[in-house]
Amino acid sequence: MRDSAEHPVSELLTPEARTTLDGSGYGSWRRLATADAVSLAFGFPYPDSFRLDRLRESIETVLASEGRQALQYGGGEYADLLESAVRNRATARGIDPDETAVLLTNGATHAVDSVCRAFLEPGDVVAVERPTFMGSLTVFRNFGVEIEELPVDDAGLDVDALADRLHARRAAGDPIPKLLYTITDFQNPTGTTLSRKGRERLLALADEFDFAVVEDGAYTDLRYEGETVPPLAALDDAGRVIRVESFAKTIAPGVRLGWLVAAEPIRDAIDALAAGGANTFTRSVIGHYCDAGHLEASLPPLREAYAARRDRLLDALERHMPASATWTDPDGGFFVWVELDESVDTDDRLDDAIDAGVTYLPGSMFYADPDAGSNALRLSFSYADPDAFDDAIAALATVVD
Ligand SMILES: Cc1ncc(COP(=O)(O)O)c(C=O)c1O
């Protein structure tokens, strides 16, 4: 296979596509995917979390009761059940069902992409956390927007810094972000959660400066301790919040199902631009799965398993990491964010780590700023065998010391 940069047609690719292919993140990604090492790199659910028995039951029920209709464009009645299941989940989170509407998508990332399609033009500004989920950064980059990065502290997005930045932009006559993207619960990659007070202040700023908020709740169902904080979408009286969620972490990424909840005119605008059709068969299967109570029943054991994984990773870090290292202690989600001595470059050390038998994601992948995050890394406790964590972190410690 020829390198894409040498291929004659690659000249025709967009500047955004070429930038992504040339970036160091893309190369690291490919190396990591094939590495023979304990994988602490990716936020994959562990394979035994997939309820094959329940999924099989749902597939068989849908086929037995709807037959070929379930496989047609549009699907059958089970496909419609999913929307009510999602609506019920939103209502249970305190989101007003009379003020919002639901749009099913092929995952949370697809939902973010669909929002961008409706709102963004090249040159617009999108505000994000610094660091943030690299999948969403890629989506924003694809739209040719300016990315404004805002700091994250132990309590998630630093809302004071956001206020300062907005006031500075207004004073300088610079454009105000159209969208602010935030992962409010167990942020990827830092694991931090925005407080209720922070959420209320953020919504007041959205009103004052007139921007929309994309709230990514990919991990909201995976809280292992502490009090639930109401989502921005539940605190929002002005219809500024578009909340995206996914079944990727609670059922399986391969079902490619997520959704967004937004004020009805916003949902309609996003829906009007949607292309590609709906995966109605998968919707039917997951509609049955939710209606039969399988999702609700699976959540407590899932939380217990992930909490135990988190604790084992934190224990291993405590035991092995050098004194100069610090890391987060998340109440939920999949990730621990590790910061190392300034002199350590985690992009440079990745090959040594793979040779030593462990993988991680270098911190630089989570920033739009190409010079940021070089002394940080993200570890995921979601996928690898927890019995391997201790040796893996011992190996990591030798590489980053
Ligand atoms: C914050 C966040 N949003 C979205 C996703 C992806 O969700 P989906 O697989 O539904 O696109 C992830 C998964 O890694 C994530 O961490």
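None of these values were measured; they are calculated from a predicted model.

### What to know about the site of the ligand
- Among the 13 residues in the neighbourhood of the ligand, the closest are listed as Thr109, Asn188, Asp216, Tyr219 and Ser246.
- Within the side chain of aspartate 216, one N or O atom sits 2.7 Å away from a nitrogen atom of the ligand.
- At a separation of 2.6 Å, an oxygen atom of the ligand approaches a polar side-chain atom of serine 246.
- When isolated, the ligand has an accessible area of 400 Å², and the protein chains bury 91% of it.

### Quick notes on the domain arrangement of the protein chain
- Domain boundaries in the protein chain define domain 1 (4–50 + 298–400) and domain 2 (53–295).
- Opposite the 30 residues of domain 1 that make contact, domain 2 presents 31 residues.
- Each partner contributes to the roughly 2,800 Å² buried at the junction of domain 1 and domain 2, and carbon and sulfur atoms together form 60% of this total.
- Counting across the interface, domain 1 meets domain 2 through three salt bridges.
- Those elements that provide at least two residues to the side of domain 1 that touches domain 2 are α12 (294–320) and β11 (335–339).
- Element by element, the count of residues in the side of domain 1 that touches domain 2 is highest for α12, at seven residues.
- Class assignment for the residues of the side of domain 1 that touches domain 2 results in 19 nonpolar, five polar and six charged.

### Overview of the packing of aromatic side chains
- Scanning the model with the defined rule gives eleven aromatic pairs in all.
- A centroid spacing of 5.2 Å and a plane angle of 75° characterise the contact between tyrosine 46 and tyrosine 306, whose relative ring orientation is edge-to-face. Residue tyrosine 46 is found in the loop between β1 (38–39) and α3 (52–66), and its partner tyrosine 306 is found in helix α12; the two are separated by 260 residues along the sequence. We note that tyrosine 46, like tyrosine 306, is buried.
- Ring geometry for tyrosine 219 and phenylalanine 335: centres 5.7 Å apart, planes at 80°, overall edge-to-face.

### Here's the deal with helix α8 (residues 196–209)
- If you check α8, its first and last C-alpha atoms are 20 Å apart, about what 14 residues at 1.5 Å a residue would give, namely 20 Å.
- Those residues of α8 lying buried are Gly198, Arg199, Leu202, Leu203, Leu205, Ala206 and Phe209. Seen along its axis, α8 keeps its buried residues to an arc of 160°; they face one direction.
- Packed against the buried residues of α8 are β5 (156–157), α7 (159–172), β6 (179–182), β7 (212–216), α9 (232–235) and β8 (241–246).
- Note on α8: the residue one or two positions beyond its end, aspartate 210, has a positive phi of about 60°.

### Considerations on the pattern of salt bridges
- Enumeration according to the criterion identifies 29 salt bridges in this entry.
- For arginine 312, the salt bridge goes to aspartate 387, with nearest N and O atoms at 3.0 Å. One end of the pair, arginine 312, is in helix α12; the other, aspartate 387, is in the loop between β14 (376–380) and α14 (389–400), and 75 residues separate them in sequence.
- One connected set of salt bridges, linked through shared partners, spans Arg89, Arg93, Glu215, Asp221, Arg243, Glu245 and Glu296.

### Description of unusual backbone geometry
- Put simply, arginine 130 and proline 131 share a cis peptide bond, and its omega is 10°.
- Here the bond from asparagine 188 into proline 189 is cis, since omega is 20°, no more than 30 degrees from zero.
- With respect to the helices and strands, the residue proline 189 is situated in the loop between β6 and α8.
- We note that aspartate 210 has phi near 60°; this positive angle belongs to a residue other than glycine.
- Structurally, aspartate 210 can be placed in the loop between α8 and β7.
- Residues other than glycine seldom take positive phi values, yet arginine 256 does so here, at roughly 45°.
- Relative to the helices and strands, arginine 256 is located in the loop between β8 and β9 (258–262).
- For arginine 256, a relative accessible area of 38% gives the class partly exposed.

### Examining the packing of α12 against α14
- At their nearest, the axes of α12 and α14 sit 9 Å apart, and the two run at 35° to each other. For the element pair α12 and α14, the recorded crossing hand is right-handed. Here α12 contributes Arg309, Arg312, Leu313, Ala316, Leu317, Arg319 and His320 to the contact with α14, which in turn contributes Phe389, Asp390, Ile393, Ala394 and Ala397.
- Its residues assigned to classes, the contact of α12 with α14 shows seven nonpolar, one polar and four charged.

### Details of the sheet that holds β5
- The eight strands are arranged β2-β9-β8-β7-β6-β3-β4-β5 in an open sheet whose pairing can be described as mixed. Each edge of the sheet is formed by a strand with only one pairing partner; in this case those strands are β2 (101–105) and β5.
- Sheet topology note: the strand β4 (residues 146–153)/β5 ladder contains two bridges and is antiparallel. Its bridge partner being in β5, aspartate 153 is matched across the sheet by glycine 156.

About the criteria used
- Residues numbered from 1 in each chain as written.
- Predicted model: local features only at pLDDT ≥ 70, side-chain atom pairs only at ≥ 80, totals over all residues.
- Heavy atoms only, no water.
- Near = heavy atom within 4 Å.
- Polar contact = N/O pair within 3.5 Å; in protein donor to acceptor, adjacent residues only side chain to side chain.
- Areas by Shrake-Rupley, 256 points an atom, 1.4 Å probe, with all protein chains shown as cover.
- Domains from an automatic or database assignment.
- Contact = heavy atoms within 4.5 Å.
- Buried area = accessible area lost by both parts, 1.4 Å probe.
- Salt bridge = Lys/Arg side-chain N within 4 Å of Asp/Glu carboxyl O.
- Helix = DSSP H or I, 4+ residues; strand = E, 2+ residues; numbered from the N terminus.
- Nonpolar A, V, L, I, M, F, W, Y, C, P; charged D, E, K, R; others polar.
- Phe/Tyr/Trp six-rings, centres within 6.5 Å; stacked < 30°, edge-to-face > 60°.
- Buried < 20%, exposed > 50% of the residue type's maximum accessible area, 1.4 Å probe, protein only.
- Expected span 1.5 Å × (residues − 1).
- Arc of directions from axis to C-beta.
- Axes fitted to C-alpha atoms, helices over the stretch in contact; angles between N-to-C directions.
- Left-handed = near helix turned anticlockwise from the far one by under 90°.
- Pairing = 2+ DSSP bridges.

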